[in-house]
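Commentary on secondary and tertiary structure
Below, each chain spelled out in residue letters.
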Amino acid sequence: DQQVKQNSPSLSVQEGRISILNCDYTNSMFDYFLWYKKYPAEGPTFLISISSIKDKNEDGRFTVFLNKSAKHLSLHIVPSQPGDSAVYFCAASFLNRDDKIIFGKGTRLHILP
Amino acid sequence: NAGVMQNPRHLVRRRGQEARLRCSPMKGHSHVYWYRQLPEEGLKFMVYLQKENIIDESGMPKERFSAEFPKEGPSILRIQQVVRGDSAAYFCASSKARTETQYFGPGTRLLVL
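Everything quoted here is computed from the prediction, not taken from an experiment.

1. A few points about the overall build of chain B
Helix and strand counts for chain B stand at 0 helices and 11 strands. Taken against the 2.2 N^0.38 rule, which gives 13 Å for 113 residues, the C-alpha radius of gyration of chain B at 13 Å falls within 12% of a compact globule. By principal-axis analysis of the C-alpha atoms, chain B measures approximately 35 × 25 × 25 Å. For chain B, buried positions account for 45% of its 113 residues. Partitioning the intrachain contacts of chain B with sequence separation of at least 6 by distance along the chain shows that 53% fall at a separation of at least 24.

2. Quick look at the overall build of chain A
A tally of regular secondary structure across chain A gives 0 helices and 11 strands. Its C-alpha atoms give chain A a radius of gyration of 13 Å, near enough to 13 Å, the size a compact globule of 113 residues would have. By its C-alpha atoms, chain A is 45 × 30 × 20 Å across when sized along the principal axes. Looking at chain A as a whole, 48% of its 113 residues qualify as buried. For chain A, the proportion of contacts with a sequence separation of at least 24, taken over those separated by at least 6, is 55%. Carbon and sulfur atoms form 49% of the exposed surface of chain A, whose accessible area is close to 5,500 Å². Averaging the locations of the 13 positively and 11 negatively charged side chains of chain A gives two centres separated by 4 Å.

3. Digging into the packing of aromatic side chains
Residues and elements named next belong to chain A. Per the counting criterion, the structure on display carries 13 aromatic pairs over all chains. A centroid spacing of 6.1 Å and a plane angle of 85° characterise the contact between Phe-89 and Phe-103, whose relative ring orientation is edge-to-face. Placement of the pair is Phe-89 in strand β9 (residues 86-93) and Phe-103 in strand β10 (residues 102-103), with a sequence separation of 14 residues. For the pair Phe-89 and Phe-103, one class covers both residues: buried.

4. Topic: the state of the cysteines
Residue and element names in this part refer to chain A. Using the criterion set out here, one finds 2 disulfides over all chains in the structure. Across the disulfide, Cys-23 is cross-linked to Cys-90 (sulfur-sulfur distance 2.0 Å). Judged by the sign of its S-S torsion, about -75°, the bond between Cys-23 and Cys-90 is left-handed. Of this pair, Cys-23 sits in strand β3 (residues 19-25) while Cys-90 sits in strand β9, and the two are 67 residues apart along the sequence.

5. Some details on the sheet that holds strand β7 (residues 65-68) of chain B
Residue and element names in this part refer to chain B. Strand order in this open sheet of 4 strands is β1-β3-β8-β7, and the pairing throughout is antiparallel. The sheet terminates laterally at β1 (5-7) and β7, the two strands that pair on one side only. Adjacent strand axes in the sheet meet at a mean angle of 15°, parallel and antiparallel pairs treated alike. Where β7 and strand β8 (residues 75-79) come together, 4 bridges link them in antiparallel fashion. The residue bridging Ala-67 from the neighbouring strand is Leu-77, located in β8.

Basis of the calculations
- Residues numbered from 1 in each chain as written.
- Chains lettered and ligands numbered in written order.
- Predicted model: local features only at pLDDT ≥ 70, side-chain atom pairs only at ≥ 80, totals over all residues.
- Heavy atoms only, no water.
- Helix = DSSP H or I, 4+ residues; strand = E, 2+ residues; numbered from the N terminus.
- Rg over C-alpha atoms; globule rule 2.2 N^0.38 Å.
- Buried < 20%, exposed > 50% of the residue type's maximum accessible area, 1.4 Å probe, protein only.
- Contact = heavy atoms within 4.5 Å.
- Areas by Shrake-Rupley, 256 points an atom, 1.4 Å probe, with all protein chains shown as cover.
- Lys, Arg positive; Asp, Glu negative; His and termini not counted.
- Charge placed at Lys NZ, Arg CZ, Asp CG, Glu CD.
- Phe/Tyr/Trp six-rings, centres within 6.5 Å; stacked < 30°, edge-to-face > 60°.
- Disulfide = S-S within 2.5 Å.
- Pairing = 2+ DSSP bridges.
- Axes fitted to C-alpha atoms, helices over the stretch in contact; angles between N-to-C directions.

See the structure below:
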């Protein structure tokens, strides 16, 4: 049973525009959410996170929005750059209960020139 | 400060052989996590270890798989009598403390012939 869902396997965005990656989750007990970026043949790299007590966290070009009532989060990248082309994994955890991170299947982002 | 190191990066085994995957955490990190990524899937948690202790192995198959993190040396994920379904990328992550960000290694790609 997929607790973290990324329904778009891929997304293409023009360079300079905004990239919006979406993620839904089913377990309302998750209290911490993360986004990881992964290039081929490399491990995932931590990008940005958000606690369930917040609804927005911003770091440079990256902003994560959390809508707890809809069990939905999104990652906004603006402006999109060629180096942003990668697979993005949405992930969630129970910070105060255990340590495992539960990942979505990922969305492959292509930044078009 | 070197990141998480994993070796080998690629491992080919025949059915029935043993696979040993090694992970050296980042300097100063004493928490190690193993994840498996099957093709077209997200990463799935397998096991969480601290030095000399297995804390959570709820994601690890009950048979053929074992993990250790000795006092000295890297963490080892051992798969006995490999089968074709074990073919996957195995990622190790480490963190400084239980609730801190997990940093991933480049992964070991296991291919079972």
